[in-house]
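So you can see what is in the structure, the chains are spelled out below.
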Amino acid sequence: MACLSSKKQKHRPRDLPYPHIDSRISRKYPAFLLLTTLLTAFGIFVALRSVLRASIEREITKFGEATVESFAMTSVPLILRYPSEAAKRDLQHNLLAVAKNPDVLNARLADNHGIIIASLTESEVGTRLPDFLAAPDAQTAYVDPANHTYMFHSKIRYGPDILGTFVVTMSRAPLEMAIKRATQRALIFTAGIAAVVCI
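Fair warning: this is a prediction, and the values are worked out from it, not measured in the lab.

Glancing now at the environment of Leu 95. Locating Leu 95 in the fold gives a position in helix α3 (residues 85-98). Given the relative accessible area of 0%, Leu 95 is considered buried. Every residue in contact with Leu 95, bar those within four places of it in the chain, is listed here: Phe 71, Ala 107, Ala 118, Ser 119, Leu 120 and Phe 166.

This is how it looks when you write it as C-alpha cells:
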C-alpha cells in the first residue's frame, strides 16, 4: 500500500512555478486586440474617406467641364456676330441661364485677347482675364481653396481659330457637404466593424 501511495505522489501534476505570468498575458491580450481593432478601423475609415472624396470631386469636375464646353460650343455664332447689340444681349442671356445653377458663383466670357466681354459681374466687363486662365495651354479646372471655389474654363474654337474663353466659377460647398456626410457614414461603418470585432 505504501508503494502504491508513493507512485501516486510521484506522478501527481506539479503546480506551475510562475502562475502570475499566465494571468499577466490574459490581462494584456484584450487591450492588444482592442488596439489592433481600432487601428484597423481607423485605416478603413481613412481609405473610405479618400475614395469617397475622390469620387465626389471627380463627378463635380465632370459636371463643371461639361458645362463650360457646352457653353463654348453654343457661343460660337454669337462671338462671330459680336459686337452687335443682339449678340451682346444673347450672350448675357446665356450667362444668366448658366447662373440658374445655385452652385455657380460667376461666369465670364472673354474674347481672343483675354478681354472680358460678358460677365455675371458687370464691373468685370472690359477687364482682362487672369493670365493663368487666358493662356493657350491653361488647365481646364482649377481649385481655389482660399475662396472654396472651382474655376472651369474652355476655349471657344471655330475651326483652328480661338475666338475666346469661357470661365465659370462654382462653389465647393456641395463637395464639402457631401464629404461631411460621407465621412459620417464611413465613421459609423468603421465603428460598427470595430464593435463587431470586439464582441
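Having seen the structure, we can now continue with the description.
Right, let's talk about the confidence of the model for the protein chain for a bit. The pLDDT averaged across the protein chain works out to 80; a share of 79% of its residues lies at or above 70. When pLDDT is averaged over each element of the protein chain, strand β2 (residues 116-119) comes out on top at 95 and helix α1 (residues 2-10) at the bottom at 48. Within the model, pLDDT remains below 50 along residues 1-8, and this stretch shows zero contacts once partners closer than five positions in the same chain are excluded.

For strand β1 (residues 104-111) and β2, the ladder comprises three bridges, and the chain directions are antiparallel. Paired with Ala 110 across the two strands is Ile 116, which belongs to β2. Hairpin remark: β1 followed by β2, antiparallel, with four residues in the connecting loop; positive phi at Gly 114, about 85°.

Below, the discussion takes up the nonpolar core. Ile 79, Leu 91, Leu 109, Ile 156, Phe 166 and Val 168 are the most contacted members of the largest nonpolar core, which totals 24 residues. Only α2 (19-81), α3, β1, β2, β4 (149-158), β5 (161-171) and α5 (173-198) provide two or more residues apiece to this core. It is α2 that provides the largest number of residues to this core, a total of seven residues. Look past the residues within four positions of Ile 79 in its chain and what remains in contact with it is Leu 91, Leu 109, Ile 117, Ile 156 and Leu 163.

Next up on the list: α3. The end-to-end C-alpha distance of α3 is 20 Å, a good match for the 20 Å that 14 residues give at a rise of 1.5 Å each. When α3 is considered as a whole, its buried residues turn out to be Ala 87, Leu 91, Leu 95 and Val 98. Down the axis of α3, the buried side of the element spans an arc of 75°, and every buried residue falls inside it. Among the exposed residues of α3, those oriented more than 90 degrees off its buried face are Glu 85, Arg 89 and His 93.

Turning next to the pairing of strand β3 (residues 141-144). Pairing analysis gives four bridges linking β3 to β4, with the strands arranged antiparallel. Considered in β4, the bridge of Val 143 is made with Tyr 150. Connecting β3 to the antiparallel partner β4 that follows it, the hairpin turn spans four residues, and His 148 within it adopts a positive phi of roughly 55°.

A cis amide bond links Tyr 82 to the next residue, Pro 83, at an omega of 15°. Relative to the helices and strands, Pro 83 is located in the loop between α2 and α3.

This next bit is on the pattern of salt bridges. Under the defined criterion, the tally for this structure stands at four salt bridges. Between Arg 81 and Asp 90 there is a salt bridge, and its shortest N-O distance comes to 3.7 Å. Overall, Arg 81 belongs to the partly exposed group, its relative accessible area being 40%. One salt bridge in this structure joins Glu 85 and Lys 88, with 3.8 Å as the shortest N-O distance.

Turning our eyes to something else, we now look at the sheet that holds β2. Ordered by their spatial adjacency, five strands build an open sheet running β2-β1-β5-β4-β3, and the pairing between neighbours is antiparallel. Lying at the two open borders of the sheet, with one neighbouring strand each, are β2 and β3. Averaged over all neighbouring strand pairs, the angle between strand axes comes to 20°, with direction disregarded. In the packing of α3 onto the sheet, the strands contacted are β1, β2 and β5, and the crossing angle to β2 comes to about 50°.

Moving on: the side chain of Lys 155. With respect to the helices, strands and loops of the structure, Lys 155 is situated in strand β4. In this structure the side chain of Lys 155 is engaged in a polar contact, spanning 3.1 Å, whose partner is the backbone oxygen of Ala 134. Every residue in contact with Lys 155, bar those within four places of it in the chain, is listed here: Ala 72, Leu 133, Ala 134, Ala 135, Pro 136, Ile 162, Gly 164 and Thr 165.

What counts and what doesn't
Residues numbered from 1 in each chain as written. Predicted model: local features only at pLDDT ≥ 70, side-chain atom pairs only at ≥ 80, totals over all residues. Heavy atoms only, no water. Helix = DSSP H or I, 4+ residues; strand = E, 2+ residues; numbered from the N terminus. Buried < 20%, exposed > 50% of the residue type's maximum accessible area, 1.4 Å probe, protein only. Contact = heavy atoms within 4.5 Å. pLDDT = per-residue confidence, 0-100. Pairing = 2+ DSSP bridges. Core = buried A, V, L, I, M, F, W, Y, C linked by side-chain atoms within 4.5 Å. Expected span 1.5 Å × (residues − 1). Arc of directions from axis to C-beta. Salt bridge = Lys/Arg side-chain N within 4 Å of Asp/Glu carboxyl O. Axes fitted to C-alpha atoms, helices over the stretch in contact; angles between N-to-C directions. Polar contact = N/O pair within 3.5 Å; in protein donor to acceptor, adjacent residues only side chain to side chain.

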